[in-house]
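Summary of structural features
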Amino acid sequence: MSPDEFREQGKKLIDWIADYYENIEKYPVQSQVHPGQVRQQLPSQPPIVGESFDAMIRDVDQIIMPGITHWQSPNFFAYFPSNSSFPSILGDLLSSGLGVQGMLWATSPACTELETHVLDWLADMLQLPAKFKSHSSGGGVIQDTASNAVLTAVLAARERKTNYQVNESGCRHPLVAYVSTQTHSSVEKAIKITGIGTNFLRKIGCNETLAMNPALLEQQIQEDLANGLVPFFVCATVGTTSTNAMDPLPEIGRIANQYGLWMHIDGAMSGTAALCPEFRHFLNGVELADSFAFNPHKWMFTNFDCDCFFVADRAALIKTLSILPEYLKNKATESGAVFDYRDWHAQLGRRFRALKLWFVIRHYGVSGLQYHIRRHVELGQLFAGWVRASSDFVLYGEPPLNLVCFYHKNGNSFNQVLMDHLNQTGLIYLTHTVVDGKFILRMCIGQTNTELKHVEQAWKLIKQTAKELCE
Ligand SMILES: *Cc1c(COP(=O)(O)O)cnc(C)c1O
């Protein structure tokens, strides 16, 4: 493809994307295809001779689009969002255009320095303690996902606890990690991957708000110590995936520090709320943590993938992950004056993700980001008020932010049928969780373009559909 053809097709594709956003509400939010329907329409063999770009776009329209679930629809209330924005898309496009591989400072200095700088900005925006900033002992790095952020944290915690011996001799230490019953499954996965073993993962019980019970945590640590085991890691969550529960960070932090555990805070979704001073209290206690991660790709208008991982002691991380083969040696690395981000996560190569984050922060400004976060929380609280006032629906707990958990009084199977019916209309999309055997609907309001009218329409549809199902 020549630059001229790229220019022509590229402009058409930007138009296609802009049209898509203008018409996004015309599509069923959740894709309605059945398994295999997309593949069935694709040729069994790749083309021998190259095809035109127009032919590809035609197939996108006809074959791919029906198989798309519209995560960017303002009527998407499922899971946690994976929201995006035009400045982010353009930043991502520019990253693709430059095609930089930023494994080392030397392989594109701007890729590393912009990332360090923007993560320092974010540390200030979230009022993180100075230790998480680059001019101090720590720093931030962009990871692909919260899952890999916690994997990195577990690895560094394992090595710090064993004086960097597992890296050499394999895991012979009886290490034990702690989460709550509500912690995201990615931590369990990290415990498998790192060779700790799930038999050495303790799932601590929760209180009535589904936050980790710190007394039970301490009790379990003492029991494990008495049995000759080595507690090394605890993960606290700011906004659990199931119900947005908030673990008590100060208490968990005190215990972690007392017993020498690495404390990681998973704020994948709700960490973003700390951009607003009135929600910053959810991060109180972060000063006791060794690492903290949140996902701008969930709730900060930055398209997937973008997780920001902050560590208090970067030396522990780098010592855990650094490997310097001959072919990567260079003067800048040897001088010690630069960060080489390949030493901050499992993979070597890395994309220039800081560009999209930089574009998003500059486009919205801090006040613009705060405005949108506040608006989502307000809409969530408004929706919760409607549920509270309704005689047919019950609020499950008090929503701290923008995730509303609720259910219809008619019981589990009714709620399941109600959710399936709602999603089949294609007008909205929401998902569920199960707590103590109760089937609960989750309505998460965090899509970039969701406005009051979308939330009003959703509530009307939910009430109406429930009424019809009762008849
Ligand atoms: C979504 C989520 C994750 C996993 O996020 P990825 O970035 O997809 O790995 C982890 N923790 C919590 C609390 C989440 O909500």
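So, how was this worked out
- Residues numbered from 1 in each chain as written.
- Predicted model: local features only at pLDDT ≥ 70, side-chain atom pairs only at ≥ 80, totals over all residues.
- Heavy atoms only, no water.
- Helix = DSSP H or I, 4+ residues; strand = E, 2+ residues; numbered from the N terminus.
- Rg over C-alpha atoms; globule rule 2.2 N^0.38 Å.
- Buried < 20%, exposed > 50% of the residue type's maximum accessible area, 1.4 Å probe, protein only.
- Contact = heavy atoms within 4.5 Å.
- Pairing = 2+ DSSP bridges.
- Right-handed = clockwise from strand over helix to strand, strands pointing away.
- Expected span 1.5 Å × (residues − 1).
- Arc of directions from axis to C-beta.
- Phe/Tyr/Trp six-rings, centres within 6.5 Å; stacked < 30°, edge-to-face > 60°.
- Lys NZ or Arg CZ within 6 Å of the ring centre and 35° of its normal.
- Core = buried A, V, L, I, M, F, W, Y, C linked by side-chain atoms within 4.5 Å.
- Near = heavy atom within 4 Å.
- Polar contact = N/O pair within 3.5 Å; in protein donor to acceptor, adjacent residues only side chain to side chain.
- Nonpolar A, V, L, I, M, F, W, Y, C, P; charged D, E, K, R; others polar.
- Axes fitted to C-alpha atoms, helices over the stretch in contact; angles between N-to-C directions.
- Parallel < 35°, antiparallel > 145°, perpendicular 65-115°, else oblique.
- Left-handed = near helix turned anticlockwise from the far one by under 90°.
- Salt bridge = Lys/Arg side-chain N within 4 Å of Asp/Glu carboxyl O.

1. Thoughts on the overall build of the chain
Counting its regular elements, the chain contains 16 helices and 11 strands. In summary, the chain has a C-alpha radius of gyration of 24 Å against a globular reference of 23 Å for 471 residues, a match within 12%. Along the first, second and third principal axes, the C-alpha atoms of the chain reach 65 × 60 × 45 Å. Buried residues in the chain amount to 53% of all 471 residues. For the chain, the proportion of contacts with a sequence separation of at least 24, taken over those separated by at least 6, is 74%.

2. A short note on the pairing of strand β2 (residues 175–180)
In terms of burial, β2 is largely enclosed, as 6 of its 6 residues are buried. Relative to strand β4 (residues 230–237), β2 is paired through 4 bridges, and the arrangement is parallel. Paired with L175 across the strands is V230, a residue of β4. In this fold, the crossover linking β2 to strand β3 (residues 201–204) by way of helix α8 (residues 185–193) has right-handed handedness.

3. Some words on the side chain of E115
Tracing the chain through its elements places E115 in helix α5 (residues 109–125). Since its relative accessible area comes to 1%, E115 is described here as buried. Leaving out residues up to four positions away in the same chain, E115 has contacts with A110, V141, I142, Y341, R350 and A354.

4. Regarding the pairing of strand β9 (residues 403–408)
Every other side chain in a regular strand lies on the same face of the sheet, so the side chains alternate between the two faces. With 6 of 6 residues buried, β9 lies mostly within the body of the structure. Sheet topology places strand β8 (residues 393–395) next to β9; 3 bridges connect them, and they run antiparallel. Among the inter-strand pairings, L395 is bridged to a residue of β9, identified as F406. Both β9 and strand β11 (residues 438–444) contribute to a ladder of 4 bridges, which runs antiparallel. Bridged to C405 within β11 is R442.

5. Section: helix α15 (residues 412–425)
Spanning 14 residues, α15 covers 20 Å between terminal C-alpha atoms, matching the ideal 20 Å at 1.5 Å per step. Residues F414, N415, L418, M419, L422 and N423 constitute the buried set of α15. Along the axis of α15, the buried positions cluster into a sector of 160°, meaning they face one direction only. α15 presents S413 and Q424 as exposed residues on the side facing more than 90 degrees away from its buried surface. Looking at the packing, one finds that the buried side of α15 touches β8, β9, β10 (431–435), β11 and α16 (452–470).

6. Let's talk about the packing of aromatic side chains
Evaluated as defined, the whole model comprises 21 aromatic pairs. The interplanar angle of 85° and the centroid separation of 5.6 Å between the aromatic rings of F76 and Y429 together place this pair among those described as edge-to-face. In this pair, F76 sits in the loop between α3 (53–64) and α4 (86–98) while Y429 sits in the loop between α15 and β10, placing the two residues 353 residues apart along the sequence. Accessibility assignment for this pair places F76 and Y429 in one class, buried. Here the aromatic cluster, defined as three or more aromatic residues joined through ring pairs, consists of W16, Y20, Y21, Y27 and F86. Its guanidinium or amino end placed over the ring of F80, R442 lies 5.2 Å from that ring's centre, counting from NZ or CZ.

7. Things to note about the nonpolar core
Ranked by size, the top nonpolar core spans 69 residues in total, and within it F310 and L357 carry the most contacts. A per-element tally of this core places helix α14 (residues 354–389) first, with 9 residues. Not counting residues up to four positions away in its chain, the partners in contact with L357 are V118, L119, L122, I142, P296, M300, T302, C306 and C308. Judged by nonpolar contacts, the second largest core, of 31 residues, contains V154, A156, L175 and F339.

8. Examining the site of the ligand
Lining the immediate surroundings of the ligand are 14 residues, of which A146, S147, D266, N295 and K298 lie closest. Contact between the ligand and T241: an oxygen atom at 2.9 Å from a side-chain N or O atom of the residue. Contact between the ligand and D266: a nitrogen atom at 2.6 Å from a side-chain N or O atom of the residue. Listed by contribution, the elements that provide at least two residues to the shell around the ligand are α6 (146–161) and α11 (296–299). Residues belonging to the shell around the ligand are distributed by class as follows: 3 nonpolar, 9 polar and 2 charged.

9. Quick notes on the sheet that holds β10
Read from one edge of the open sheet, 4 strands run β8-β9-β11-β10, paired in antiparallel fashion. Each edge of the open sheet is held by one strand with a lone partner, namely β8 and β10. The mean inter-strand angle of the sheet, taken between neighbouring strand axes irrespective of direction, is 40°. Strands in contact with α15 are β8, β9, β10 and β11; relative to β11, the strand with the most contacts, it is inclined by about 35°.

10. Examining the environment of S322
Inspection of the secondary structure puts S322 in the loop between α12 (314–321) and α13 (331–335). For S322, a relative accessible area of 35% translates into the label partly exposed. Note: C-alpha distance between S322 and Y341 (19 residues apart in sequence) is 9.6 Å. Discounting residues that sit within four places of it in the chain, S322 has contacts with R342 and D343.

11. Here's the deal with the packing of α5 against α14
α14 packs onto α5 with a crossing angle of 25° between their chain directions and a minimal axis gap of 10 Å. For the element pair α5 / α14, the angle class is roughly parallel. Once α5 is placed against α14, the crossing between them reads as left-handed. Here L114, E115, V118, L119, W121, L122 and M125 of α5 lie close against α14, whose contacting residues are A354, L355, L357, W358, I361, R362, V366 and L369. The residue inventory of the contact of α5 with α14, partitioned by class, reads 13 nonpolar, no polar and 2 charged.

12. So, the pattern of salt bridges
Taken as a whole, this structure holds 17 salt bridges when the rule is applied. Salt-bridge contacts for D124 lead to K133; the nearest nitrogen and oxygen are separated by 2.8 Å. We note a salt bridge from R353 to D305, for which the minimum N-O separation is 3.0 Å. With a gap of 48 residues between them, R353 in the loop between α13 and α14 and D305 in the loop between α11 and β7 (307–311) connect regions that are remote in the sequence. According to the relative accessible area criterion, R353 is buried, its value standing at 5%. Members of the salt-bridge network, linked through shared partners, are D92, D305, R351, R353 and K356.

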